[in-house]
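Structural overview for review
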Amino acid sequence: MMTADLQGVVDAVLARAQRQGSVTPEDVQDELTQAGVPDELCEEVLTQCRRSLRKRQDRYHYVSTTRQESARQRQRLAVRRAVRGIIRRHRAEQQVERRGQDRVDFIQSVRVLTEDQRERHLLSRDLSTTGIRLIATGSLLGQRVRVVIGEGEEVCTLLVRVLWTCAVGDNLFENGCMFLDADEET
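Rules used in this analysis
- Residues numbered from 1 in each chain as written.
- Predicted model: local features only at pLDDT ≥ 70, side-chain atom pairs only at ≥ 80, totals over all residues.
- Heavy atoms only, no water.
- Helix = DSSP H or I, 4+ residues; strand = E, 2+ residues; numbered from the N terminus.
- Buried < 20%, exposed > 50% of the residue type's maximum accessible area, 1.4 Å probe, protein only.
- Contact = heavy atoms within 4.5 Å.
- Pairing = 2+ DSSP bridges.
- Polar contact = N/O pair within 3.5 Å; in protein donor to acceptor, adjacent residues only side chain to side chain.
- pLDDT = per-residue confidence, 0-100.
- Core = buried A, V, L, I, M, F, W, Y, C linked by side-chain atoms within 4.5 Å.
- Disulfide = S-S within 2.5 Å.

Time to look at the overall build of the protein. In terms of regular secondary structure, the protein is built from four helices and ten strands. Across the protein, helices and strands are ordered from the amino to the carboxyl terminus as α-β-α-α-β-β-α-β-β-β-β-β-β-β. Burial analysis of the protein (186 residues in total) assigns 31% to the buried set. Here the contacts in the protein between residues at least 6 apart in sequence split such that 44% fall between residues at least 24 apart.

Our focus in this paragraph is the sheet that holds strand S2 (residues 53–56). The strand order across the open sheet formed by three strands is S1-S3-S2, and the pairing between neighbours is antiparallel. Single-partner strands in this sheet number two, and they are strand S1 (22–23) and S2.

Moving on: the pairing of strand S6 (residues 119–128). One ladder, built from three bridges, connects strand S4 (residues 103–105) with S6; its direction is antiparallel. Note that in S6 the partner of Asp105 across the bridge is Asp126. Pairing of strand S5 (residues 109–113) with S6 involves five bridges; the strand directions are antiparallel. Each residue of the ladder has a partner; that of Val110, found in S6, is Leu122. If you look at the hairpin formed by S5 and S6, you'll find five residues sitting between the two strands, and Gln117 has a positive phi there, around 65°. Of the pairings in the sheet, the one linking S6 to strand S7 (residues 131–136) comprises four bridges and is antiparallel in character. Looking at the pairing, Leu123 lines up with Ile135 of S7.

Inspection of the secondary structure assignment puts Asn175 in strand S10 (residues 172–182). Exposure remark for Asn175: the relative accessible area of 0% places this residue in the buried category. Looking at Asn175, its side chain comes within polar contact range of the side chain of Thr165, at 2.9 Å.

Let us now look at unusual backbone geometry. In this structure, Gln117 takes a positive phi of about 65° despite not being glycine. The residue Gln117 is located in the loop between S5 and S6 in this model. Backbone geometry at Asn171 places phi at a positive 55°, although glycine is not the residue there. Structurally, Asn171 can be placed in the loop between strand S9 (156–169) and S10. Relative accessible area serves as the criterion here: at 60%, Asn171 is assigned to the exposed category.

With 87% of its residues at a pLDDT of at least 70, the protein reaches an overall mean of 84. Considering each helix and strand of the protein separately, the mean pLDDT is smallest for helix H4 (residues 67–95), with a value of 72, and largest for S5, with 94.

Glancing now at the nonpolar core. Formed by 16 residues in total, the largest nonpolar core has its most connected members in Val13, Val23, Val28, Leu32, Val45, Cys49 and Leu53. Here this core takes six residues from helix H1 (residues 2–20), the largest share from any one element. Ignoring any residue separated from it by four or fewer positions in sequence, one finds Leu53 in contact with Val13, Leu14, Ala17, Val23, Leu46, Tyr60, His61 and Tyr62. Formed by 15 residues, the second largest nonpolar core is a distinct cluster that contains Ala136, Val147, Leu158 and Val162.

With that settled, consider the state of the cysteines. By the definition in use, this model includes zero disulfides. Here Cys42 is not cross-linked by a disulfide; its sulfur's nearest cysteine counterpart is in Cys49, at 9.5 Å. The class for Cys42 is buried, based on a relative accessible area of 8%.

Right, here's the structure in full:
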């Protein structure tokens, strides 16, 4: 009877580990308690689970023995490796800063007032003491526009000239702007 109960606990622990990705010793104790099996058999349960669980730090991580799960794991590892490479290259590119002024990521919705008095809502990309980059659905190259950042008492209106434009997608442009002046009411 105890062997059948213990096998039921082993199956429940493995199912829980597969569902959650890992189990803790407390999870094993919970399964023992639910089955009415003495807590002293925790080590025995973990011993019987050793083919499917690998201990790392204080957790027992589920390791599948099927080919399908193994292929999925290899696929995940390949994706992780590829993404880490992309991140590494991106960080290396970011370290090369040719500007005289530092810039910061400044991703916010801003209002832009064009010379012909049209108002557009754009996305800022980054900000420095000398300029701002704006993401728009069209090129603003050569234009002088007012950029309104913030709302209420925190509003700041800046006059900028768009010095460069770069297409970054279908109907999507980055516009590099240089600050010319700040409005008096800011």
